[in-house]
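Structural characterization, general
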Amino acid sequence: MKIKFNMNNISKKIFYLYIISVYVFSFQTKYVKYSEYIYISFICVYFLSFIKNRHIFINKSNTIILFFVIFCLVSSFWAINFSAAMSRSISLLILSTISFFMLQIYEIDDIKKILFTIFIAGFFMVFYTILDMGFNSFFSATMSGERIGGTISAANAYGIYLSLSFLCGLYCLKFGGYRKLKILFLLVVFMGILSSNSRNSFIVCCSGVVLFLLLGNTNIHRRKKASYLVFTLCIAYIIYDSGLLDSILLRMSNVSFVNGNDRSVNSRMLMINVGYSIFSNNPLWGCGINNAQFILEYYFARTYLHNNYIELLADLGLIGFCLYYLVYLYDIIGLIKYRRLKVYNELSSILIILLIMLLIADISVVFYYNKIVYVIFGTISILLTKNNEIRISKY
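What comes next concerns the included structure. Values in this document were obtained by computation on a predicted structure and should not be read as measured data. (Residues numbered from 1 in each chain as written. Predicted model: local features only at pLDDT ≥ 70, side-chain atom pairs only at ≥ 80, totals over all residues. Heavy atoms only, no water.)

Remarks on the overall build of the chain
What counts here: Counting from the N terminus, the helices are the DSSP runs of H or I reaching at least four residues and the strands are the DSSP runs of E reaching at least two. Using a 1.4 Å probe on the protein chains alone, a residue whose accessible area is under 20% of its type maximum counts as buried, one over 50% counts as exposed, and one in between counts as partly exposed. Working rule for contacts: check all heavy atoms of both residues, and any pair within 4.5 Å makes them a contact. Only the protein chains shown count as covering a residue, and every accessible area follows the Shrake-Rupley method with a 1.4 Å probe.
What the chain contains, in helices and strands, is 16 helices and two strands. Buried residues in the chain amount to 53% of all 395 residues. Within the chain, contacts between residues at least 6 apart in sequence are counted, and of these 79% link residues at least 24 apart. If you sum the accessible surface of the chain, you get close to 19,100 Å²; carbon and sulfur atoms cover 65% of it.

A short note on the layout of surface pockets
Put simply, the rule is: Only protein atoms enter the 1 Å grid used here. Points where a 1.4 Å probe fits but cannot escape make up a cavity, open sets with protein on both sides within 12 Å along at least five of seven lines make up a pocket, and a residue lines them when an atom lies within 4 Å of a point. Grid points are joined across faces, edges and corners, and a volume is the space filled by probe spheres set on the points. For this classification, the nonpolar set comprises Ala, Val, Leu, Ile, Met, Phe, Trp, Tyr, Cys and Pro, the charged set comprises Asp, Glu, Lys and Arg, and every other residue, Gly included, is treated as polar.
Roughly 890 Å³ of volume is contained in the second largest pocket. As for the second largest pocket, its lining consists of 34 residues, and the residues nearest its centre are Ser-26, Val-32, Tyr-369, Asn-370 and Lys-371. Listed by contribution, the elements that provide at least two residues to the lining of the second largest pocket are helix 2 (32-53), helix 4 (82-105) and helix 7 (155-172). Considering every element that reaches the lining of the second largest pocket, the biggest residue donor is helix 4, with seven residues. A per-class count over the lining of the second largest pocket returns 18 nonpolar, eleven polar and five charged.

Overview of the pattern of salt bridges
To keep things clear, this is the line we draw: What makes a salt bridge here is a side-chain nitrogen of Lys or Arg within 4 Å of a carboxyl oxygen of Asp or Glu, nothing more.
Within this structure, the stated rule accounts for three salt bridges. Ionic pairing is found between Lys-174 and Glu-346, a salt bridge with its closest N-O pair at 2.8 Å. Residue Lys-174 is located in the loop between helix 7 and helix 8 (179-196), and its partner Glu-346 is located in helix 15 (residues 345-361); the two are separated by 172 residues in the primary sequence. Among the residues examined, Lys-174 registers a relative accessible area of 35% and is labelled partly exposed. Classification of Glu-346 as buried rests on a relative accessible area of 16%.

Side note on empty space enclosed by the protein
For the coordinates displayed, the defined rule picks out two cavities of 30 Å³ or more. Lining the largest cavity are Ile-65, Phe-68, Leu-323, Tyr-324, Val-327, Tyr-374 and Phe-377. Elements with a minimum of two residues in the lining of the largest cavity: helix 3 (60-75), helix 14 (308-339) and helix 16 (371-385). Per element, the largest residue contribution to the lining of the largest cavity is three residues, and it comes from helix 14.

A closer look at the nonpolar core
Formally: Buried Ala, Val, Leu, Ile, Met, Phe, Trp, Tyr and Cys residues that are joined via side-chain atoms within 4.5 Å together make up what is termed a nonpolar core.
In terms of nonpolar packing, the biggest core is built from 102 residues, with Phe-15, Leu-115, Tyr-324, Ile-372 and Tyr-374 touching the most fellow members. The leading source of residues in this core is helix 7, at twelve residues. The contact partners of Tyr-374, leaving out residues within four places of it in the chain, are Ile-65, Phe-68, Leu-92, Leu-95, Ser-96, Ile-98, Ser-99, Met-102, Tyr-324, Tyr-368 and Tyr-369. Counting residues in hydrophobic clusters, the runner-up holds nine residues, among them Val-274, Ile-278, Leu-296 and Leu-305.

Right, dumping it as structure tokens:
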């Protein structure tokens, strides 16, 4: 019996595993290398598939990302620290291949599987955290509001990853079986969001859920949507009354007291002011990618500016800022057009909501060099491109 291997299908499965590894290992710094090994394996299998098929798909989104990366590379030449700028530019070049390769191997029918993988990845992320911390420590962090930053390298980003996973889980409830198991997984993911004790993650998650109820169920009658919204508000009140949100709400209440006792808020305001000052001095091209940290060091510490908008303006000026967010603009406009089609309206809606969640998240995290962003860009590229592709064939 002769066994035939479909290299494209194998590369798809390896990439699903890569998404899970991004969730599980990205916030455990000593294990990030395993995620990188999986991605290298994926690229090797993809090229074996490419040798046979020899076709490439290109879309405007990937082209804009490429121009953004090129501008980052060029900014290295006026950067304060050339090596830091070049290192970040190379990282972005590698990240840009994520959306490019996704466009090559996946079809529109695979998008649901990608979103389901993001959902399952969130569950595995929390499950691995519990194994690493111990259930008692994890449960204590969730109930008491103690942040898990001691174990996780970036609690805010951790919570945002899980918020994106939670939304994908809500969407996945609508198709396939195992509904009760999916609900259980959603509860685990939600507990992970609470354990991050992140204000921004909580806002991102709530915004995503509300938008999902309003936009995600396009085939449901308005009265039924209203009943879902009322039911969600009742569940939210029960969670609020249980005290699970006390620590997050306390941190949120301190936001208005900029000169008060919330050191986190005061530090972020200082970073924003420094970032705006850097931008004012170099409004067009900034101080060079990944270089705002060296100026911030004189005022606070050598770290990122904790705001994606300010970070890009300071590092790359208006040119780099516009190039990066042009990807969002192009994708949202394209998805709005697709939303009018009866076949892809719900799929377009969930992808629009994911982009909006990322835009909200950018207020308090620097996400332009984050892997999950490029996974979402790649997923959207599949929908926008595979019906109207520019195909370059080699015979």
